[in-house]
Amino acid sequence: MFKGITKRWVLNTLLVVIVVVLFVVFCLSYAVRIYYYHSVTQTLNAATAEFLNVLDDYASDPQSFSATARSYVENFDDKEKMEITAIDAKGNVIITSTGFTPDSTHQMPDYIKATSDNLSRYEWTGNLSSGENVKAVTRLVRNSQNEVMGAVRCVISLTDIDYNITMAIVIISVVGLTIILLVLFSGLYFIRSIVRPVRELSATAKKIAQGDFNTRIEKSHDDEIGELCDSINDMATELGAAERLKNDFISSVSHELRTPLTAIKGWAETMQYCGSVDKETFDKGMDIIVKESSRLTSIVEELLDFSRLQSGRMMLMKEKIDILAELDEALYMMKDRAINEEKHLLYDKPESMPPVYGDKNKLRQVFINIIDNALKYTQSGGVVGIQILDFTHSVHIVVTDTGCGIAPDDLPRIKDKFYKANQSVRGSGIGLAIADEIISLHDGTLDIQSGIGVGTTVTIAIPVYKETN
Ligand code: ADP
């Protein structure tokens, strides 16, 4: 009947509420019964005590005892409420307020019990032969020699009292049942308000897992469930963006790999099928094959670096290094390309620089990447300037270009993995992500300032070497 959360709630909460309510109903009912019966006993005690007081003075004289008892009973005001009886020393009824001889089967045992057990007071609750439930209190009257001269007995019918007790128990039970029903319905309503959105969330999550990143869940409550809806919607948006980036990445990497492979294959076939090619053509072909092979190698290196970064396996071989030497090396590798592409590579080389503590191969790779970008996004005739500045605690390498620049919307995201602001230029979109991570691993920063048509300035800051490193 009940499943999942509803079943857990029924077992954990509803059952506890039912047990508590039943316990309270039982205790209250018991207390009501005790209260009513106790008041009856008190009334009977008071009545018998008063009657006893009157008869006590005449206990030694049976004649006066009997006369006083008759007169008291005849003048008794509360005849409607209770029955009072005077009994002589032999246990015979002298007079009773009802005017009839009381039920001998029950009255006599009271007196006999009180005298035989030598009790001054005896209380009895039970049914008369008529079936009526009554409570009776019997008290013995003794003379000055402590001899039993008779007894007084008061009886109250419990019919009305039992009816009142039953009514009270019915009311308490109805209140208890109402509480249980209220808890049940409010609980089921509450659970439904959780279970339904959770089911919808689960269905949406399944769709997302199957690749439908456009699906969204409607937020119906502004609470934790609403927050979960927002998170799942955000997750779908992010997954959709990641999926698009992945597809873009695959297509740009495939393109990146295909271009040099086509050149290599083309020149290799030319040399293979065209018989003996002249020396000039052979040299040109070999030159292209070598250049494109090294381009392929650097693409594969970049991809490997990226995969190492993703899995946290990138290891740095840090040591005290001469940063100028690494920058020189990077520039040496770019010099010919700048000349070929008719771009001006200006290097303002300082006399000396303090050493830094880092991995020389990785830092050189970062310099190459940044200068490569500067050349790549700068038109022929443009200028790429490199400066290196000593700021006491850190060394700043500043690469400026007069290229196309980056739009303000793209600027915050260009260090993200696979993000390409410029789709028309070759590139995988992971160069800056790797460079940023490598500089972070050196406790440095990589800052990019740019504007469309203004050019780009990349500043790499690396802490200088300290003896404590
Ligand atoms: P890519 O391999 O595509 O160049 P990067 O991670 O190196 O990838 O750069 C990310 C994006 O940042 C590039 O696609 C480009 O749009 C932009 N970018 C990087 N450097 C420059 C620059 N010097 N001038 C203009 N845009 C740049």
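Keep in mind that this is a model prediction, so the values were computed, not measured.

Caption draft 1: Molecular detail of the overall build of the protein. Along the backbone of the protein there are nine helices and twelve strands. The globule rule puts the C-alpha radius of gyration for 469 residues at 23 Å, and the 53 Å found for the protein is more than 25% above it. Its C-alpha atoms put the protein at 160 × 55 × 40 Å along the principal axes. Taking all 469 residues of the protein together, the buried fraction comes to 39%.

Caption draft 2: Spotlight on a positive patch on the surface. A surface patch of positive charge is lined by K3, R192, R196 and R199. The exposure class assigned to K3 is exposed, which follows from its relative accessible area of 66%.

Caption draft 3: Seen up close, the site of the ligand. The local shell around the ligand holds 21 residues, among which N373, K376, Y377, D401 and L432 are the closest. Separating an oxygen atom of the ligand from a backbone N or O atom of N422 is a distance of 3.1 Å. Protein contacts shield 96% of the accessible area of the ligand, which totals 530 Å² for the unbound molecule. Elements supplying a minimum of two residues to the shell around the ligand: α8 (360–376) and α9 (431–441).

Caption draft 4: Structural detail: a nonpolar patch on the surface. On the surface, a cluster of nonpolar side chains totalling about 440 Å² of accessible area is made up of V16, V20, F23, V24 and L28. With relative accessibility at 45%, the residue V16 sits in the partly exposed group.

Caption draft 5: Seen up close, the packing of aromatic side chains. What the rule picks out here adds up to five aromatic pairs. Pairing F26 with Y30 gives two aromatic rings, centres 6.5 Å apart and planes at 10°, and the pair type is stacked. Of this pair, F26 and Y30 both sit in helix α1 (residues 4–56), four residues apart, which is roughly one turn of that helix. With respect to burial, F26 and Y30 carry one shared label: exposed. For the pair F51 and Y72, a centre-to-centre distance of 4.6 Å together with 15° between the ring planes defines the contact as stacked. Here F51, found in helix α1, pairs with Y72, found in helix α2 (residues 62–74); they are 21 residues apart in sequence, far enough to count as distant.

Caption draft 6: Expanded view of α8. A rise of 1.5 Å per residue sets the reference length of α8, with its 17 residues, at 24 Å; its end C-alpha atoms lie 24 Å apart and thus fit the reference within 8%. The element α8 is largely enclosed, with a buried count of 13 among its 17 residues. Here α8 starts with a cap whose side-chain oxygen sits 3.1 Å from the backbone nitrogen of N361, and that cap is D359.

Caption draft 7: View of the sheet that holds strand β1 (residues 83–88). Strand order in the open sheet formed by five strands is β2-β1-β5-β4-β3, with antiparallel pairing between adjacent strands. In the strand order of this sheet, the two ends are held by β2 (93–96) and β3 (121–127), each with one partner. Recorded for the sheet is a direction-independent mean angle of 20° between the axes of neighbouring strands. Summarising the sheet, β1 and strand β5 (residues 148–157) pair through six bridges and their orientation is antiparallel. Looking at β5, one finds that D88 is bridged to G150. Together, β1, β3, β4 (133–142) and β5 form the strand contacts of α1, whose direction differs from that of β4 by roughly 30°. Running over the sheet, α2 touches β1, β2, β4 and β5 and is turned about 20° from β2.

Parameters and conventions
- As a convention, each chain's residues are numbered from 1 in the sequence order in which they are written.
- Under the rules for a predicted model, residues below a pLDDT of 70 receive no local features and side-chain atom pairs below 80 are neither given nor counted, while totals for whole chains, interfaces and linings still include all residues.
- Side-chain measures were taken over the full set of non-hydrogen atoms in the model, leaving aside hydrogen atoms and water.
- Think of it this way: any DSSP run of H or I at least four residues long counts as a helix, any run of E at least two long counts as a strand, and we number them from the N terminus.
- The reference for a compact globule is 2.2 Å times residues^0.38; the radius of gyration itself is calculated from the C-alpha atoms.
- Exposed residues in this analysis have more than 50% of their type's maximum accessible area, buried residues have under 20%, and partly exposed residues fall in between, with area computed by a 1.4 Å probe over protein chains only.
- A residue counts toward a patch only above 30% relative accessible area and without a salt bridge, and it is joined to like-charged neighbours within 9 Å or, for Val, Leu, Ile, Met, Phe, Trp and Tyr, to nonpolar neighbours within 5 Å.
- Here the accessible surface of atoms and residues is derived via Shrake-Rupley with a 1.4 Å probe, and residues count as covered only by protein chains that are part of the display.
- Counted as salt bridges are all cases of a side-chain nitrogen of Lys or Arg within 4 Å of a carboxyl oxygen of Asp or Glu.
- Asp and Glu are treated as the negative residues and Lys and Arg as the positive ones, with His and the ends of the chain left uncounted.
- Lys charges are placed at NZ, Arg charges at CZ, Asp charges at CG and Glu charges at CD.
- We call a residue near a molecule or strand as soon as one heavy atom of that residue lies within 4 Å of the molecule or strand.
- Within 3.5 Å is the distance limit for a polar contact, defined as a pair of N or O atoms, with the added protein rule that one can donate a hydrogen and the other accept it, and that residues adjacent in sequence qualify only through two side-chain atoms.
- Think of it this way: a Phe, Tyr or Trp ring, Trp meaning its six-membered ring, pairs with another when their centres are within 6.5 Å, and the plane angle makes it stacked under 30 degrees, edge-to-face over 60, tilted otherwise.
- A helix's residues, less one, multiplied by 1.5 Å, set its expected span.
- Paired strands are those between which DSSP finds at least two bridges.
- Orientation is described by lines fitted to C-alpha atoms, with helices fitted over the stretch in contact, and by angles between N-to-C directions that extend from 0 to 180 degrees.
- Any two residues having at least one pair of non-hydrogen atoms within 4.5 Å are treated as being in contact.

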